[in-house]
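One-letter residues, chain by chain:
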Amino acid sequence: LHSLAPSPPTMALRLASNHLLARSSSSSISSSASRILRGDRTQAGLRAAAKAAPLCSTTQRPSSTSSSRSFSHLRLRNDNSPGLLRTMATSTEAVETASAAGATEPRWDLEMHFGYDSPMSGSIDAELDAVEIQCKALKAKFEGNMGAMLLPAILEYEQIDIALTKALSYVSLASDTKLDDDNAQKRKAALFQRYATISGNELTFFGLELADLPQAQLDAQVAAEPEALGKYAPYIDEVRRSQPYNLSKEVERALTVRAPFAGKGKVVEFYGNELSRLRFTAPGAAGAAAEEVNMEVLLAKMTSSKDAATRAECMQTLNTGLKAFERVAALSLNMVSGSWHAENTERGFQNLRSQRNLGNNVPDEVVDSLLDAVKTTGVDYCKRYYSLKKGILRETQGLERFTWADRNATIDIGTAAESYSWTEAVDIVREGYQKFSPTMAGLFVEMVDQKRIDVPAQNGKRGGAYCSSSYGSGPFQLLNFTGTQRDVATLAHESGHGCHFMLSYKQGILQFHPPLTLAETASIFGEMIVFRDLLAKTSSDEDRLAMLMSKIDDIVNSVVRQCGFDAFEEKVHSARGTGTLTPDEMTKAWEATMRGYYGEEGEVFDSYDHTSHLWTYVSHFHNVPFYVYSYAFADLVVGSLYGVYANQPEGFEAKLLELLSAGGTKGFKEALEPFGLDPTDPAFWKDSLDAHLGSLMEEAEALASKLGYAK
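Quick caveat, the model's predicted, so the values are computed rather than measured. (Residues numbered from 1 in each chain as written. Predicted model: local features only at pLDDT ≥ 70, side-chain atom pairs only at ≥ 80, totals over all residues. Heavy atoms only, no water.)

Caption draft 1: Geometry of the overall build of the protein. Scanning the protein from N- to C-terminus turns up 29 helices and six strands. Partitioning the intrachain contacts of the protein with sequence separation of at least 6 by distance along the chain shows that 81% fall at a separation of at least 24. Accessible area for the protein stands at about 22400 Å²; split by element, carbon and sulfur atoms hold 49% of it. (Helix = DSSP H or I, 4+ residues; strand = E, 2+ residues; numbered from the N terminus. Contact = heavy atoms within 4.5 Å. Areas by Shrake-Rupley, 256 points an atom, 1.4 Å probe, with all protein chains shown as cover.)

Okay, here's the thing in structure tokens:
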């Protein structure tokens, strides 16, 4: 996902976007398509790869873990699991019954949508044979001639992109429900290796020559074909932004071809696979023996438990298990940060995040303003919130010491249901969407009815959740549904991504994918409208407070925690420029970051015991360096958008649908202008924090005081 060699810019992007919005807790983005695309080192390729990253919903805002009682546990990105993905949130009961429920919950029907009978189908190989011939013909016809033949070159390239996306998306998606099937994984790897070879040898020229095309030649061709070529202007601009940072054609080709065989990509893949195989001995339910579980189930047990001792035991078990994994994680992160350092140096990027920011089409100063606002105003709200939660847990659960294990604990008040059937979850999301946008509700129902969602939590399946664009055949959602409130929120989130894709497909494969700064708009807005719908239905102050606390959990984890992740990355990447880091040095960087964003021990949290190795399971660090700020960016933008909607709902749906339909044809500034929002204004981020997080905090504090939970 961040760099690797340059398969033509967009192609990498499309493939990467294949497993794009993922909320996986342990494995986050690990889609194969996106991995291969890491081979795309051109800027467009970098952005593409980045997109492959989980735009996820990770319960790792806190971390999926939380089953909580009221829908307030709509928190999407949980962060118990230090990653950005929303981990599965599950109640203990849900965890224990997930396997049985999975036998009847819907599975996606990839074969129906893609037209293959299995990933081993010979028709896939035959299609790749045909694509390879097309690629050779493209190179023979257009290499050196794009100054006069740009439009036909783009049209042929576009068809190749569609064909590759179909085959590789199918194999990649299918493999994500068969992680324990070595033959399936070998098949996927072999196909992606073949893709890298074809792309490197035959397609490297395309993005590089388009980027280098003299402006006069480009202008002349656009003037001759203003409508036909003009519609590709956003794609052309995206590719040409990378020009100052591209390397020679020979170097870019070699990087692409070698990517699936050597370099950091294979190490990162090994890291992700090993992470998914970790098992922990978790405390059993009352009177039951301990059991061996995967990380997501352990996290779910921790956040769903109403017993502080059980939560602490789960946290200790998690950290101890991750400590044994530290050398694998450190090796991978050293490879990634070292590669990033080399990329920045060789390509001429000035700052650590410039490479990512260019791919996102966001100026460095805008990202710096966001990070500064979160480090100051956001951190103040964070400490204020956890102080409030600490008091509520003391009053409701008799909590004596507030530790990291209690951070995402359920607020045990109110009467809302603790679990939901799949049918109930679908109804909740459909009703919430319907009240805001019948169009989005209709698209959601299509995804459900057309078997585009793989629902149950099962062994051998990638963890967390994501939505794959799979242009031409998609979208598709992978969930790990266990019936918790968070799982319902995850459905709302991933379905927002699906709606976004379905609305933007009309822009074509080269331009449908939104920039990362806008890619979370529909997903987080989807969560918000479902949350607000449920909040309006609460029957008591207790239920309302529980929901508000859960939502604030979500926002803090999405905004403050993700920017804390970014700060950790900055420490590691900055140090990596002078040599390899040891696991202990990474651990110290992690601990320093926690103190910087949550305070010293005793300030809010009484103890940071058993948190030293939580850095080892944040997959985004490995798959998409400096991606995490995108969550904070999106959450605060959506908070501001919702404020606009609340103040003036008339006409808002039409403007939002227009924004979503634009896909990648508009940058974030242009897309947000109709709403009166300007994230380039340095004051925007603080104002958004005050309006979005501050207003919820004030209501929660008032309710807690009214109910006698705050002193």
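Caption draft 2: Expanded view of the pairing of strand β6 (residues 476–481). In terms of burial, β6 is a largely internal element, six of the six residues being buried. Both faces of β6 are covered, namely the face carrying Phe476, Leu478 and Asn480 and the face carrying Gln477, Leu479 and Phe481. Here strand β4 (residues 453–456) pairs with β6 via three bridges, running parallel. In the sheet register, Ile453 faces β6, and the bridge partner there is Gln477. By the bridge criterion, three bridges tie strand β5 (residues 465–468) to β6 in an arrangement that is antiparallel. Bridge assignment links Tyr466 to a residue of β6, and that residue is Leu478. (Buried < 20%, exposed > 50% of the residue type's maximum accessible area, 1.4 Å probe, protein only. Pairing = 2+ DSSP bridges.)

Caption draft 3: View of the nonpolar core. Of all hydrophobic cores here, the largest spans 187 residues; its most connected members are Leu318 and Phe525. If one sorts the elements of this core by residue count, helix α23 (residues 541–576) sits on top with 15 residues. Filtering out sequence-adjacent residues up to four positions away, Phe525 remains in contact with Phe436, Glu520, Val638, Leu641, Tyr642, Tyr645, Phe652 and Leu656. (Core = buried A, V, L, I, M, F, W, Y, C linked by side-chain atoms within 4.5 Å.)

Caption draft 4: Representation of the packing of aromatic side chains within the structure. Under the criterion given, the structure shown has 43 aromatic pairs. On the basis of an interplanar angle of 75° and a centroid distance of 6.0 Å, the ring pair of Phe205 and Phe206 is categorised as edge-to-face. In this structure Phe205 comes out as buried when scored by relative accessible area, which is 1%. Classification of Phe206 as buried rests on a relative accessible area of 0%. Between the aromatic rings of Trp340 and Phe626, the centroid separation amounts to 6.0 Å while the plane-to-plane angle is 45°, which identifies the pairing as tilted. Of this pair, Trp340 sits in helix α15 (residues 326–347) while Phe626 sits in the loop between α25 (620–623) and α26 (629–647), placing them 286 residues apart in sequence. Assigned by exposure class, Trp340 and Phe626 land together as buried. Through successive ring pairs, a cluster of aromatic residues spans Tyr385, Tyr386, Phe402, Trp404, Tyr598, Phe605 and Tyr608. Between Lys375 and the ring centre of Tyr597, over which it is positioned, the NZ or CZ distance is 5.0 Å. (Phe/Tyr/Trp six-rings, centres within 6.5 Å; stacked < 30°, edge-to-face > 60°. Lys NZ or Arg CZ within 6 Å of the ring centre and 35° of its normal.)

Caption draft 5: Molecular detail of the confidence of the model for the protein. Residues at a pLDDT of 70 or more form 85% of the protein, whose mean pLDDT is 85. Ranking the elements of the protein by mean pLDDT puts helix α2 (residues 32–37) last, at 30, and helix α24 (residues 583–598) first, at 98. (pLDDT = per-residue confidence, 0-100.)

Caption draft 6: The arrangement of the packing of helix α17 (residues 364–397) against α26 in detail. Axis separation between α17 and α26 bottoms out at 11 Å; the angle between their running directions is 80°. Compared by their axis directions, α17 and α26 come out roughly perpendicular. Across the interface between the two elements, Val366, Val367, Leu370 and Leu371 from α17 touch Tyr629, Ala632, Phe633 and Leu636 from α26. By residue class, the composition of the contact of α17 with α26 is eight nonpolar, no polar and no charged. (Axes fitted to C-alpha atoms, helices over the stretch in contact; angles between N-to-C directions. Parallel < 35°, antiparallel > 145°, perpendicular 65-115°, else oblique. Nonpolar A, V, L, I, M, F, W, Y, C, P; charged D, E, K, R; others polar.)

Caption draft 7: Layout of helix α14 (residues 308–323). Taking 1.5 Å of rise per residue, the 16 residues of α14 would be expected to cover 22 Å, and the 22 Å separating its terminal C-alpha atoms lies within 8% of that figure. Taken together, the buried positions of α14 are Arg311, Cys314, Met315, Thr317, Leu318, Asn319 and Leu322. Residues of α14 that are buried make contact with β2 (279–282), α13 (295–304), α15 and α17. (Expected span 1.5 Å × (residues − 1).)

Caption draft 8: Summary view of the packing of α17 against helix α29 (residues 684–706). Viewed as axis vectors pointing N to C, α17 and α29 meet at an angle of 5°, and their least axial separation amounts to 10 Å. On the basis of their axis angle, the class for α17 and α29 is roughly parallel. Note on element contacts: α29 touches α17 through Trp685, Lys686, Leu689, Asp690, Leu693, Gly694, Met697, Glu698, Ala700, Glu701 and Ala704, opposite Val366, Ser369, Leu370, Ala373, Val374, Thr377, Gly378, Tyr381, Arg384, Tyr385, Leu388 and Ile392. When its residues are assigned to classes, the contact of α17 with α29 shows 14 nonpolar, four polar and five charged.

Caption draft 9: Layout of α17. Its axis deflected by about 35° at Gly378, α17 carries its strongest bend there. One or two positions beyond α17, positive phi appears at Gly398, with a value near 70°. (Bend = angle between axes of the 7 residues up to and from the residue.)

Caption draft 10: Structural view of the environment of Thr410. In this fold, Thr410 is placed in the loop between α17 and α18 (422–436). When its relative accessible area of 1% is taken as the criterion, Thr410 is described as buried. Sequence separation between Thr410 and Lys389 is 21 residues, and the spatial gap between their C-alpha atoms is 9.9 Å. In this structure the side chain of Thr410 is engaged in a polar contact, spanning 3.3 Å, whose partner is the backbone oxygen of Thr303. (Polar contact = N/O pair within 3.5 Å; in protein donor to acceptor, adjacent residues only side chain to side chain.)

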